[in-house]
Amino acid sequence: MSSGKPVRLGILLSGRGSNFLAIAGAIREGRLEGVEIAVVIANVAEAPGLAAARDLGLKHEIFVSKGRKRAEHDADVLACLRAHRVDLVCLAGYMRLLSPEFVAAFPNRILNIHPSLLPAFPGLDAQEQAFDYGVKVAGCTVHLVDEHLDHGVIVLQRAIPVLETDDSHSLALRILDEEHVAYADAIARVASGEYEVRGRRFVKRKVSIN
Ligand code: GAR
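Residues numbered from 1 in each chain as written. Predicted model: local features only at pLDDT ≥ 70, side-chain atom pairs only at ≥ 80, totals over all residues. Heavy atoms only, no water.

**Q** What exactly am I supposed to notice about unusual backbone geometry here?
**A** A cis amide bond, omega 15 degrees, links leucine 118 with the succeeding residue proline 119. Structurally, proline 119 is set in the loop between strand 5 (110–114) and helix 5 (126–133). Even without being glycine, asparagine 108 reaches a positive phi, approximately 55 degrees. Relative to the helices and strands, asparagine 108 resides in the loop between helix 4 (100–105) and strand 5. Exposure remark for asparagine 108: the relative accessible area of 37% places this residue in the partly exposed category. In this structure, aspartate 150 takes a positive phi of about 50 degrees despite not being glycine. Note that aspartate 150 resides in the loop between strand 6 (137–144) and strand 7 (154–161). For aspartate 150, a relative accessible area of 13% translates into the label buried. (Helix = DSSP H or I, 4+ residues; strand = E, 2+ residues; numbered from the N terminus. Buried < 20%, exposed > 50% of the residue type's maximum accessible area, 1.4 Å probe, protein only.)

Below, the structure written as structure tokens:
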């Protein structure tokens, strides 16, 4: 992904869209170079993130998933991503599992952000799960997406201490601040193309000096 052309992002979201807005902000402010948002796609018509994309003048599409077969819905989303020549798909609060066909169509080219230090607390309400478990360190993970839930190769994690004064809400808010930093950072690393996936390890590619 380092051909010199901007890496085109396809953002998929279901709700608020704060991670999408953090990515858009990082691009706008020059903190995330060589990357552009090609399209924002929502699977929920009322998603505030979709309205935010429209307000920013970005290309945006809605494919309502409720009541549709996964494979059929995903085929529509895939066609849209291809039509917009997307290089890298970023799931930003996209609360829907991808079909195996979707994952295979973008090998190692789909990122997800999850509000826990995976492999702990996959699934819904991860911050609350972590708080209720009593962990002393919490955080977020950006990972490559495979066909399993919150499972693929980890690109990066950011950790924070759980404070005595926290409740699950305050903890979730502080994790969200870390998410907003982590996602742009992870996109920069993947978009640079300067990495290898060795087993489950995402590692910086060694530069050979001839
Ligand atoms: C974020 O906390 C994200 O990590 C989480 O949904 C929230 C979306 O917020 N995703 C998952 O739990 C995925 N398993 P946002 O719409 O404001 O970005």
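**Q** So what exactly am I meant to see when it comes to the environment of isoleucine 27 here?
**A** Mapped onto the elements, isoleucine 27 comes out in helix 1 (residues 18–28). In this structure isoleucine 27 comes out as partly exposed when scored by relative accessible area, which is 22%. Sequence separation between isoleucine 27 and alanine 184 is 157 residues, and the spatial gap between their C-alpha atoms is 8.5 Å. The residues touching isoleucine 27, leaving out its near neighbours within four places in the chain, are Leu9, Leu32, Val35, Glu36 and Ile37. (Contact = heavy atoms within 4.5 Å.)

**Q** It is not clear to me how the side chain of serine 18 should be interpreted in this structure. Could you clarify?
**A** Secondary-structure assignment places serine 18 in helix 1. Engagement of the side chain of serine 18 in a polar contact is seen with the side chain of histidine 180, the distance being 2.9 Å. Other than its neighbours up to four places away in sequence, serine 18 contacts Leu176 and His180. (Polar contact = N/O pair within 3.5 Å; in protein donor to acceptor, adjacent residues only side chain to side chain.)

**Q** Can you help me understand the site of the ligand in this one?
**A** Every residue lining the ligand is accounted for by Arg16, Gly17, Ser18, Asn19, Gly93, Met95, Ile113, His114, Pro115, Gln127, Asp150 and Glu179. Note that a nitrogen atom of the ligand is positioned 3.3 Å from one of the side-chain N or O atoms of aspartate 150. For the ligand, an oxygen atom lies 2.7 Å from a polar atom in the side chain of glutamate 179. Protein contacts shield 90% of the accessible area of the ligand, which totals 450 Å² for the unbound molecule. With respect to the pocket detection grid, the ligand is positioned in the largest pocket. Elements represented by at least two residues in the shell around the ligand include exactly helix 1 and strand 5. Each residue belonging to the shell around the ligand can be placed in one class, and the counts come to 3 nonpolar, 6 polar and 3 charged. (Near = heavy atom within 4 Å. Areas by Shrake-Rupley, 256 points an atom, 1.4 Å probe, with all protein chains shown as cover. 1 Å grid on protein atoms, 1.4 Å probe; cavity = no way out; pocket = protein on both sides within 12 Å on 5 of 7 lines; lining within 4 Å. Sits in = over half its atoms within 2 Å of the grid points. Nonpolar A, V, L, I, M, F, W, Y, C, P; charged D, E, K, R; others polar.)

**Q** Just checking my understanding: could you explain the nonpolar core for this structure?
**A** Nonpolar side chains tend toward joint burial in soluble globular proteins. Counting 42 residues, the largest nonpolar core has Leu9, Ile11, Phe20, Leu111, Tyr183 and Ile187 as the members making the most contacts within it. Here this core takes 9 residues from helix 6 (residues 168–192), the largest share from any one element. Setting aside residues up to four positions removed in sequence, isoleucine 11 forms contacts with Phe20, Ile23, Ile37, Val39, Val40, Ile41, Cys90 and Ala92. Counting 19 residues, the second largest nonpolar core, distinct from the first, contains Leu78, Val86, Phe106 and Ile110. (Core = buried A, V, L, I, M, F, W, Y, C linked by side-chain atoms within 4.5 Å.)

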